[in-house]
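Given next are the chains, with one letter for each unit.
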Amino acid sequence: MEHFLFSLGHFTLNVFETAGRFVSFLLKVIKSSVRPPFYPKLILKQFFRVGFYSLPVVGLTALFAGMVLALQTYSGFSRFSAEGAVSMVVVISMVREMGPVFAGLMVAGRVGAAMAAELGTMRVSEQIDALKTLAVRPFHYLVAPRVIATVLMLPLLTMVADIIGVFGGFLISVEQLGFNPAIYLQKTFQYLETIDVVSGLVKATVFGFFIAGLGCYHGYYSKGGAEGVGKATTLAVVSGSVVVLLMNYFLTELFFGA
Amino acid sequence: MNKTNTKIQIKNLHKAFNGKAVLSGINLSVAKGESLVIIGPSGTGKSVLIKNILGLIKPDQGKIYIDSIETTHLSESERQPFYTQMGMLFQGGALFDSLSVWENISFGLMESQKMPEDVAREEAISLLKAVGLSSKIADHSPADLSGGMQKRVSLARAVATKPKIMFFDEPTTGLDPIMAETINHLIIDNVKKLGATAVTITHDIHSASMIADRIAMLYDGKIVWEGTKAEFEKTKDPYILQMKNRSSKGPIGN
């Protein structure tokens, strides 16, 4: 019994310690993102790495998500002769949910992992300490550019995913399901509201902050050589993906909850 | 020792990791322009000690003064002016692998002293030559260099900003004897040229007696012997004798 209580206490302390450290890390990230020194060149470099190089994988997943959405909606809705709603379901699902979530998950896997591995390697090979001794602050130089770039790039990637996803749905609907292209497109935009798109972009911004934050956090505090870096990378991807899905629910509740 | 002449002073420094004491009550001071070498067997907390002085690790207890200013509880931004006058050679080199050799060397010049790129590049190339390397490797990646070359590039980076205090963490470890000798000479030359205060940690006795003005021996979290180079050569202290004779018998147990 005593042993059990001891482990429970130890576990609880650990959870709060980690949570506290993560929150104070995020506060430090925000502080170093809005205060000089700034490194515009490094932000630009991260723009490319986070945004541009994620385009293929985000585009591909969005295309197939839109295609499968059209197929499934058609096959389901045709049971009660509501095939006419396919275009609306596709566009609303895409911009509200699938666009930001798929872009978020892909970026968590691609970018979150890379950030954890890079910063982790820099930590274990004393490069972060070396930065400090050269009078450059690692939060400003390493963390802030990555977080700023992801926060700005994920909404843009989401917008691309939205468009490609809707196009994927359109392609299947017109080519395979026999919809009239003009009517399909007209219906797509007829019922779409600004809030649908905006809520998706706000989600993407929040996801971007947490994905980059978690990637950098796990890398920055990694220890124990190659094994530690591997662990940091795994944790960055897992926690990033879980946070995307959890946050997605709460943000949906915030925007559209009764 | 005259107080205004003291560059670094450490008072009763304690540090433990996960309940295991690494440093237990270190008292040490380094005079301006002096070269102090801290020797001791591996795993006695030599690196931890200089990382405390640099502010990379926060001590559990005790105080550190640099130029008579207490630095122990400074925040990161308050510490910046101290870092601009320090240089550190890390044991593994710690070169930035995302940057080329010359960008590594001129990193402090460009990022913290805002030197223009073309001037910084020329400066980097002259520093490369000063550590006996060819300017041909300026655009290489640090990963393409051998261990000895990496250490020399790292030394060039550490002295580039002309620091007033230099730290060397195991400068000769893992190098062949000839390269080790080259590094020793480079350290002596650079420290003299800059008139800097230097703190070196090593377990290489030969290197220590070459570089040092004064030597301190760290064992089991404490300074067990301290003296000038002349005293070091004559002393009958059992710790020093055991290190010198590479003996497995003596007060230093395994």
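Coordinates for the structure precede this section.
Residues numbered from 1 in each chain as written. Chains lettered and ligands numbered in written order. Predicted model: local features only at pLDDT ≥ 70, side-chain atom pairs only at ≥ 80, totals over all residues.

J.: For this particular structure, what's the right way to read the overall build of chain B?
T.: Looking only at helices and strands, chain B has 10 helices and 10 strands in total. Over its C-alpha trace chain B gives a radius of gyration of 18 Å, about what one expects of a compact globule, namely 18 Å for 254 residues. C-alpha atoms of chain B, sized along the principal axes, occupy 55 × 40 × 40 Å. Among the 254 residues that make up chain B, the fraction classed as buried is 43%. A sequence separation of at least 24 residues applies to 64% of the contacts in chain B between residues at least 6 apart. (Helix = DSSP H or I, 4+ residues; strand = E, 2+ residues; numbered from the N terminus. Rg over C-alpha atoms; globule rule 2.2 N^0.38 Å. Buried ≥ 20, exposed ≤ 12 C-beta atoms within 10 Å, placed from the backbone. Contact = placed C-beta atoms within 7 Å.)

J.: Any chance you could explain the sheet that holds strand 3 (residues 35-39) of chain B here in plain terms?
T.: The strands making up a sheet associate through backbone hydrogen bonding, with each pair oriented either parallel or antiparallel. Residue and element names in this part refer to chain B. What the six strands build is an open sheet, ordered 6-7-8-3-9-10; its pairing is mixed. Unpaired on one side and paired on the other, strand 6 (86-89) and strand 10 (222-228) mark the two borders of the sheet. Within this sheet the neighbouring strands show an average axis-to-axis angle of 15°, counted without direction. Here four bridges tie strand 3 to strand 9 (residues 214-219), and the two strands are oriented parallel to one another. Counterpart to valine 37 in the pairing with strand 9 is isoleucine 215. (Pairing = 2+ DSSP bridges. Axes fitted to C-alpha atoms, helices over the stretch in contact; angles between N-to-C directions.)

J.: I keep staring at the sheet that holds strand 4 (residues 61-66) of chain B and nothing clicks. Help me out?
T.: All names here are of chain B. Across the sheet, four strands lie side by side as 2-1-4-5; this open sheet has antiparallel pairing. Pairing within the sheet leaves two strands with one partner each, and these edge strands are strand 2 (20-31) and strand 5 (69-70). Relative to strand 2, strand 1 (residues 6-17) is paired through nine bridges, and the arrangement is antiparallel. Note that in strand 2 the partner of leucine 13 across the bridge is isoleucine 26. Its contacts with the sheet put helix 1 (residues 46-54) on strand 1, strand 2 and strand 4, and the angle it makes with strand 1 is roughly 120°.

J.: How should I be thinking about the interface of chain B and chain A in this particular structure?
T.: One frequently used descriptor of interface size is the decrease in accessible area upon assembly of the parts. At the interface, 16 residues of chain B touch 11 residues of chain A. Where the side of chain B that touches chain A is concerned, the elements lending two or more residues are helix 2 (76-83), strand 6 and helix 4 (107-111) of chain B. Here the residues of the side of chain B that touches chain A sort into nine nonpolar, five polar and two charged. (Nonpolar A, V, L, I, M, F, W, Y, C, P; charged D, E, K, R; others polar.)

J.: Quick question: what am I supposed to make of unusual backbone geometry here?
T.: A negative phi angle is the norm for most residues apart from glycine, just as the trans form is the norm for most peptide bonds. Cis geometry marks the peptide bond from A:Pro36 to A:Pro37; its omega dihedral reads 0°. A positive phi angle, close to 45°, is found at B:Glu170, a residue other than glycine. Using a count of 21 C-beta atoms within 10 Å as the deciding quantity, one classes B:Glu170 as buried. Non-glycine residue B:Asp220 carries a positive phi angle of around 55°.

J.: How should I be thinking about helix 6 (residues 138-175) of chain A in this particular structure?
T.: In an α-helix there are 3.6 residues to a turn, and that puts residues three or four apart on one side. Residue and element names in this part refer to chain A. Taking 1.5 Å per residue as the helical rise, helix 6 with its 38 residues ought to reach 56 Å, and the 53 Å between its terminal C-alpha atoms agrees with that figure. Maximal helix bending in helix 6 amounts to about 35°, located at alanine 144; proline proline 145 follows within four positions. For helix 6, a buried count of 27 out of 38 residues is recorded, marking the element as mostly surrounded by other parts of the structure. (Expected span 1.5 Å × (residues − 1). Bend = angle between axes of the 7 residues up to and from the residue.)

J.: Would you mind showing me how to read the environment of B:Lys229 here?
T.: Residues and elements named next belong to chain B. Examined against the element boundaries, lysine 229 turns out to sit in helix 9 (residues 229-234). For lysine 229 and leucine 36, which are 193 residues apart along the polypeptide, the C-alpha to C-alpha distance reads 9.7 Å. The residues contacting lysine 229, other than those within four sequence positions of it, are Ser209, Ala212, Asp213, Arg214 and Ile215.

J.: So what exactly am I meant to see when it comes to the packing of helix 4 (residues 86-124) of chain A against helix 8 (residues 194-220) of chain A here?
T.: A packed helix pair is summarised by two numbers, namely the angle formed by the two axes and the spacing between the axes. All names here are of chain A. The contact between helix 4 and helix 8 brings their axes to 7 Å, and the two run at 15°. Relative to helix 8, helix 4 is oriented roughly parallel. Helix-helix and strand crossings are classified by hand; for helix 4 and helix 8 the assignment is right-handed. Counted by class, the contact of helix 4 with helix 8 contains 19 nonpolar, nine polar and five charged residues. (Parallel < 35°, antiparallel > 145°, perpendicular 65-115°, else oblique. Left-handed = near helix turned anticlockwise from the far one by under 90°.)

J.: What is the right way to read the pairing of strand 1 of chain B from this model?
T.: Looking down a regular strand, the side chains alternate between one sheet face and the other. Residues and elements named next belong to chain B. In sequence, strand 1 turns back onto strand 2 through a hairpin of two residues, with asparagine 18 there showing a positive phi of about 50°. Judged from the five bridges that link them, strand 1 and strand 4 form a sheet pairing that is antiparallel. Bridge assignment links histidine 14 to a residue of strand 4, and that residue is glutamine 61.

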